[in-house]
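Each chain, letter by letter, is given below.
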Amino acid sequence: MLRYANPNRFMRLARVLTPWSAGLAVLLTAAGLWFALVDSPPDYQQGETVRIMYVHVPAAWMSLFCYVVMAVSAGVGVIWKHPVADVAAKASAPVGAAFTVITLISGAFWGKPMWGAWWVWDARLTAELVLLFLYLGYIALIHAFDDPARGLKAGAVLALVGVINVPIIKFSVDWWNTLHQPASVVKMGGPSIDGSMLVPLLLMALAFKAYYIYVLLVKMRAEITAGKVRALRLRQVHGTA
Amino acid sequence: METASLGEWLDMGGYASYVWPVYGIALAVLVGVLVHGLRALRGEQTALDGLRRDLPSERESNGEA
Amino acid sequence: MNRFLAIVRRDLRLALRQGSDSMMVVMFFVLTCILFPFGVGPEPNILARIAPGVIWVAALLASMLSLERLFLTDYEDGALELLATAPLPLEFVAMAKIVAHWLTTGLPLLIATPLLAILLNLHPDGFWVLVAALLLGTPTLSLIGAIGAALILGARRGGVLLSLLVLPLYIPVLIFGVGAVDAVIGGFPANTHLLILAGMLVVALPLAPFAAAAALRQALE
């Protein structure tokens, strides 16, 4: 990790990794979509709507995963002054927010045929909505200061304070017996879901992960390049000394 | 998988109006974020190349972001 | 301890000298609640149904009204820098200001609650639980709010940003605060809700001043 605190070294690595992650994302997405939409059976209770699960659940996992990555890298950035970590946090936020939106919307489209309601104020749904606001708040906060470095530092405090929401989302379905179904994949004793459904689920989860890595690399390279542009513009303004 | 026709598959057992928007929206959002990122990267790279051309005396600094 | 109390006293004197601050908060609280009978109609059953929620939402918003200035005036006139170099740790400075904030917002809110319970036709069974829930919840609101207030120092559109940051974190307090009152009105015990509110307060008490102080240090760099 410390080796890649040097942005230039990170950029070299990132440039190499980007096309590979893109390719991986495409392959996994294609495989995931094939199994999710074509080569898997409908659920005997939920029918074809179970296919929504193959978007909803991996997106939900990613919404939590991206937040944790964002909070950890923001923390590393502010505590150890690791410039690449800062960039990783900033780049993760919009992606995490996107996955959260997808989680909420896909959940609504699943809930309507299944429960009869687009939305209920169930613990997990509410906490996921709070997660979206945390993402949006983080993005607003880091852009609210004239000094970008100050923005990132403030954002780190917010991101770390909001981490408490992540276990709430994860365990809310166990603590409160309300509407959202309890855990059936990531729990003690292993998954209780059928193999033919586990395959598309895991493939889509991996596809989303690969996508995240790809977009993260692209955005981080853009952000680091932007930093260089800012520095060069400053030098241009002040004259070459 | 035994759907007899493309039409049946598209119909998703009657749930087409729920299943397809989910995949459509997910695709649109994720592609949108990606495109936004790629555009930003290209824009910054163009700006950097332009600046480097205008300031030929600048050697690439080692570590300042 | 003396220094801690000195800061509390100072903030109280500043708040009460302006006088309008606490008054404004309570007035906002009362006026917001009064809007609802006009908005949803004065029918007693409807009011009784929404009374706990309305009172709690108004408490949240009123608490937020005075949050922006929690650290801002001291930040802008340099007093915060002096406080940071004082022997009292910044965490305690933050805590002292939070105490003063609660005394000028949470406490007046509590005092106004009986009036509002009457105006909104709150079911009498719910009254004391509401008071207990507000007593446990409003300090948590001040604590969480202080983190937001510290984060926005020097930010553009700080007031709006503060709302965006703080309201999502307020939601759990709101849920259990209203839940407690609804439970007891429905004939169920409110113990779990009140315990959870107490738990949130216990967690926020050490963590919020710590996070707020970290944000204050960033602002002063």
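Structure shown above.
Draft legend 1. Fine view of the packing of helix H8 (residues 127-151) of chain C against helix H10 (residues 191-220) of chain C. Residue and element names in this part refer to chain C. Two elements in contact, H8 and H10, have axes separated by 8 Å at closest approach and are oriented at 20°. It follows that H8 is roughly parallel to H10 by the angle criterion. In this structure, H8 crosses over H10, and the sense of that crossing is left-handed.

Draft legend 2. Representation of the interface of chain A and chain B within the structure. In this complex, chain A contributes 44 residues to the contact, which on the side of chain B involves 39 residues. Of the roughly 3,800 Å² buried between chain A and chain B, counting both surfaces, carbon and sulfur atoms make up 76%. On the chain A side of the contact with chain B, Leu37(A), Tyr211(A) and Leu232(A) bury the most area, a combined 14% of that side's loss. For the interface between chain A and chain B, the tally reads zero salt bridges. Counting across the chain A and chain B interface gives three residue pairs in polar contact (both at pLDDT 80 or more). Of the residues forming the side of chain A that touches chain B, the biggest block, 17 residues, is contributed by helix H7 (residues 195-238) of chain A. Broken down by class, the residue content of the side of chain A that touches chain B amounts to 26 nonpolar, nine polar and nine charged.

Draft legend 3. Here's a closer look at the arrangement of the chains. Among two pairs of chains with at least one contact, chains A and B form the most extensive contact set. No part of chain B reaches chain C; the closest C-alpha pair between them is 20 Å apart.

Draft legend 4. Seen up close, the interface of chain C and chain A. Listed per partner, the contact involves 20 residues of chain C and 20 residues of chain A. Summing both sides of the interface, chain C and chain A together bury roughly 1,800 Å²; the carbon and sulfur share of this comes to 70%. Together, Leu151(C), Arg156(C) and Gln218(C) form the three largest contributors to the area buried by chain C at its contact with chain A, with a combined 33%. On inspection of chain C and its partner chain A, the count reaches two salt bridges. In this structure, the salt-bridge partner of Lys153(A) is Glu221(C), at a minimum N-O distance of 2.4 Å. The interface formed by chain C and chain A contains seven residue pairs in polar contact (both at pLDDT 80 or more).

About the cut-offs
- Residues numbered from 1 in each chain as written.
- Chains lettered and ligands numbered in written order.
- Predicted model: local features only at pLDDT ≥ 70, side-chain atom pairs only at ≥ 80, totals over all residues.
- Heavy atoms only, no water.
- Axes fitted to C-alpha atoms, helices over the stretch in contact; angles between N-to-C directions.
- Helix = DSSP H or I, 4+ residues; strand = E, 2+ residues; numbered from the N terminus.
- Parallel < 35°, antiparallel > 145°, perpendicular 65-115°, else oblique.
- Left-handed = near helix turned anticlockwise from the far one by under 90°.
- Contact = heavy atoms within 4.5 Å.
- Buried area = accessible area lost by both parts, 1.4 Å probe.
- Salt bridge = Lys/Arg side-chain N within 4 Å of Asp/Glu carboxyl O.
- Polar contact = N/O pair within 3.5 Å; in protein donor to acceptor, adjacent residues only side chain to side chain.
- Nonpolar A, V, L, I, M, F, W, Y, C, P; charged D, E, K, R; others polar.

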